[in-house]
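Topology and contacts: notes
These are the residues of each chain, in order.
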Amino acid sequence: MVKILGISGSPRKGATEYVVGEALKAAAEIPGVETEMITLRGKKIAPCNHCDYCRREKTWCVIKDDMLDLITKFIEADAFIIASPVYVYTTTPQLQAFFSRMRACFHVFPGRLRNKFGAAIAVGGTRNGGQEMTINTIINLLMARGINVVSNETGGYAGGKVWSKDKKAEGAAEDLIGMETVTKLAKKLAEVAVTYAAGLKAIAENTDQVG
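Conventions and cut-offs
- Residues numbered from 1 in each chain as written.
- Predicted model: local features only at pLDDT ≥ 70, side-chain atom pairs only at ≥ 80, totals over all residues.
- Heavy atoms only, no water.
- Helix = DSSP H or I, 4+ residues; strand = E, 2+ residues; numbered from the N terminus.
- Rg over C-alpha atoms; globule rule 2.2 N^0.38 Å.
- Buried < 20%, exposed > 50% of the residue type's maximum accessible area, 1.4 Å probe, protein only.
- Pairing = 2+ DSSP bridges.
- Right-handed = clockwise from strand over helix to strand, strands pointing away.
- Contact = heavy atoms within 4.5 Å.
- Salt bridge = Lys/Arg side-chain N within 4 Å of Asp/Glu carboxyl O.
- 1 Å grid on protein atoms, 1.4 Å probe; cavity = no way out; pocket = protein on both sides within 12 Å on 5 of 7 lines; lining within 4 Å.
- Points joined across faces, edges and corners; volume = space filled by probe spheres on them.
- Nonpolar A, V, L, I, M, F, W, Y, C, P; charged D, E, K, R; others polar.
- Phe/Tyr/Trp six-rings, centres within 6.5 Å; stacked < 30°, edge-to-face > 60°.
- Lys NZ or Arg CZ within 6 Å of the ring centre and 35° of its normal.
- Patch = residues over 30% accessible without salt bridge, like charges linked within 9 Å, V, L, I, M, F, W, Y side chains within 5 Å.
- Areas by Shrake-Rupley, 256 points an atom, 1.4 Å probe, with all protein chains shown as cover.

So, on to the overall build of the protein. If you tally the helices and strands in the protein, you get 8 helices and 6 strands. Of the regular secondary structure in the protein, the N- to C-terminal order runs β-α-β-α-α-β-α-α-β-α-β-β-α-α. The C-alpha radius of gyration of the protein comes to 17 Å, within 12% of the 17 Å expected for a compact globule of 211 residues. In terms of its C-alpha atoms, the protein occupies a principal-axis envelope of roughly 55 × 45 × 25 Å. The burial tally for the protein puts 45% of its 211 residues in the buried class.

In structure tokens:
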């Protein structure tokens, strides 16, 4: 089974959590996929302060907060749906802190995120409220950690874009066009992850036969 992890980067329970949930439902329609969602709401995640403890000691971050449990779930997954509400034309500080703390993966467990895939979703309170800029930020965060980015289907461009009208889950559900970009993106991500996993399995089996 391929595991897809959905992450809501919102500090509130509202549109973004709803959207991630719907995305995971769509991804689960692809055979061979299991899903899980985590939210950064209520979590204590300090940003990386570049102290070099992980690099020097070759172990996880010296900061003791909720990040260790979250990153453990993260590295166990095969693909990710990363979603954020638009905060000042970009992602939330919580999501930025989450990705900044992945520095330990690079220094302690290099390559652990290399064969994984991610997709980006942004939820804005207004129709043109910075969704595309927020998606670009998420894509940059994924690439900075060596995670392969999956684009949307034709017409959806780089990611899923939802207009919530500041009405939380109800508003997001009303944006039928936006939610279609979300579900199409989720299914494409699932298909890519399943196909990649099958390819790795085939390579391993052929290698064993040759050996």
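After that view of the structure, there is still more to cover.
It is worth spelling out unusual backbone geometry at this point. The backbone of valine 88 shows a phi angle near 55 degrees, a positive value even though the residue is not glycine. Following the sequence through the fold, valine 88 ends up in the loop between β3 (79–85) and α4 (93–100). Here valine 88 falls in the exposed class, since its relative accessible area comes to 79%. Here aspartate 166, not a glycine, exhibits a phi torsion of approximately 55 degrees, which is positive. As for its position among the elements, aspartate 166 is in the loop between β6 (160–163) and α7 (168–174). Taking relative accessible area as the criterion, aspartate 166 reaches 62% and is therefore assigned exposed.

This part is about the pairing of strand β1 (residues 2–8). The buried count for β1 comes to 7 of 7 residues, which makes it a mostly enclosed element. Residues Val2, Ile4, Gly6 and Ser8 of β1 are buried on one face, and the alternating residues Lys3, Leu5 and Ile7, pointing to the opposite face, are buried as well. Here β1 pairs with strand β2 (residues 33–39) via 7 bridges, running parallel. Bridged to leucine 5 within β2 is glutamate 36. In terms of handedness, the path from β1 via helix α1 (residues 15–27) over to β2 forms a crossover that is right-handed.

Moving on, we get to the side chain of arginine 101. Structurally, arginine 101 is set in the loop between α4 and α5 (103–108). Excluding its chain neighbours within four sequence positions, the residues that come into contact with arginine 101 are Ile45, Ala46, Pro47, Cys48, Cys61, Ile63, Asp65 and Met67.

For the rest of this paragraph, the subject is the pattern of salt bridges. Taken as a whole and judged by the stated rule, the model has 12 salt bridges. With a shortest N-O distance of 2.8 Å, lysine 73 and glutamate 36 are connected by a salt bridge. With a gap of 37 residues between them, lysine 73 in helix α3 (residues 67–76) and glutamate 36 in strand β2 connect regions that are remote in the sequence. Taking the relative accessible area as the measure of exposure, glutamate 36 reaches 21% and is therefore partly exposed. Residues arginine 103 and aspartate 52 are paired through a salt bridge, measuring 2.9 Å at the closest nitrogen-oxygen approach.

The final tally for this structure, using the stated rule, is 1 cavity of 30 Å³ or more. Looking at the largest cavity, its volume works out to about 110 Å³. Lining of the largest cavity is provided by 14 residues; of these, Cys48, Cys51, Cys54, Cys61 and Arg103 occupy positions nearest its centre. Only α2 (53–57) and α5 provide two or more residues apiece to the lining of the largest cavity. Looking at the lining of the largest cavity residue by residue, the classes come out as 8 nonpolar, 3 polar and 3 charged.

To continue, consider the packing of aromatic side chains. Throughout the structure, instances matching the rule amount to 6 aromatic pairs. Here the aromatic rings of phenylalanine 74 and phenylalanine 99 are separated by 6.4 Å at their centres, their planes lie at 80 degrees, and the arrangement is edge-to-face. Of this pair, phenylalanine 74 sits in helix α3 while phenylalanine 99 sits in helix α4, and the two are 25 residues apart along the sequence. The same class applies to phenylalanine 74 and to phenylalanine 99, which are both buried. An aromatic cluster is present here, built from Phe74, Phe80, Phe98 and Phe99 joined pairwise through their rings. Note that lysine 165 overlies the ring of tryptophan 163, its terminal NZ or CZ placed 5.0 Å from the centroid.

Quick look at a nonpolar patch on the surface now. Among the surface-exposed residues, Tyr196, Leu200 and Ile203 lie close enough to one another that they form a single nonpolar patch of about 260 Å² accessible area. Along the polypeptide, tyrosine 196 turns up in helix α8 (residues 176–210). A relative accessible area of 30% means that tyrosine 196 is categorised as partly exposed.

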